[in-house]
Amino acid sequence: MLVAAIPAFPAEAASSAAIRAYDDLQPSAKDYSGQSLVRSEFGDADLRNANFTEADLRGAVFNGANLANANLSGADFSDGIAYITNFANANLSNAVLTSAMLLKSNFKGTTVTGADFSDATLDRVQVLELCKTASGTNPVTGVDTRESLGCKG
């Protein structure tokens, strides 16, 4: 019997040294457009009006962050976490938020045209709020925004 050898690859776990933390952001450092911020942490960060257009935020964490009026259009926030985060009046147009955990976050007035929330976890009350204005299809994934949110009607 021939048994193929399976190469052993070490497991990669995020460590505090491996994750870029942005806890003490300076007000002048708010343009993150187009940057690779994979698995970055933004704990309690004041990111009002920040620009994350087309940023790679896969697996990033925004715990208690203030993203009011921030621009996340076209950003990839797949597998990200935004717990108790303020997205009020933010722009999430064409953003990919697949499998993101977005509990206890505020989406009042948020623009979600073309955003993909497939398999994302949101509070029911926030889904109902987002469904009021949700429209469009995500240009990257081809998924309808209303369908990804589970909007009725």
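Residues numbered from 1 in each chain as written. Predicted model: local features only at pLDDT ≥ 70, side-chain atom pairs only at ≥ 80, totals over all residues. Heavy atoms only, no water.

### What about unusual backbone geometry?
Test applied: A run of H or I in DSSP becomes a helix once it reaches four residues, and a run of E becomes a strand once it reaches two; helices and strands are each numbered from the N terminus. Using a 1.4 Å probe on the protein chains alone, a residue whose accessible area is under 20% of its type maximum counts as buried, one over 50% counts as exposed, and one in between counts as partly exposed.
A positive phi is found at N49, a non-glycine position, where the angle reads about 65°. Among the secondary structure elements, N49 is positioned in the segment before β1 (61–63). At N89, a residue that is not glycine, the phi angle is positive and equals roughly 60°. Note that N89 resides in the loop between β2 (81–83) and α1 (124–131). In this structure N89 comes out as partly exposed when scored by relative accessible area, which is 48%.

### Quick notes on the state of the cysteines
Heads up, the rule is: Disulfide assignment relies on a single distance test, namely cysteine sulfur atoms paired within 2.5 Å.
Evaluated as defined, the whole model comprises one disulfide. Note on cysteine connectivity: C131 is disulfide-linked to C151, with sulfurs 1.9 Å apart. The S-S bond linking C131 to C151 shows a torsion near -90°; that makes this disulfide left-handed. In this pair, C131 sits in helix α1 while C151 sits in the segment after α2 (145–149), placing the two residues 20 residues apart along the sequence. By relative accessible area, C131 is classed as buried at 12%.

### Notes on the environment of F107
Put simply, the rule is: Here, residues are in contact when the closest pair of their heavy atoms is within 4.5 Å.
Checked against the element boundaries, F107 lands in the loop between β2 and α1. Take F107: its relative accessible area is 1%, and that puts it in the buried class. Separated by 18 residues in the primary sequence, F107 and N89 have C-alpha atoms spaced 7.2 Å apart. In contact with F107, not counting residues within four places along its chain, are F87, L92, L102, L122, Q126, E129 and L130.

### Considerations on the nonpolar core
Heads up, the rule is: Nonpolar cores are built from buried Ala, Val, Leu, Ile, Met, Phe, Trp, Tyr and Cys residues. Side-chain atoms within 4.5 Å join them into one set.
Core analysis: the biggest nonpolar cluster contains 37 residues, and F52, L57, F62, L102 and F117 have the highest contact counts within it. When sequence neighbours within four positions are dropped, the list of residues in contact with F62 reads F42, L47, F52, L57, L67, F77, I81, A82, Y83 and T85.

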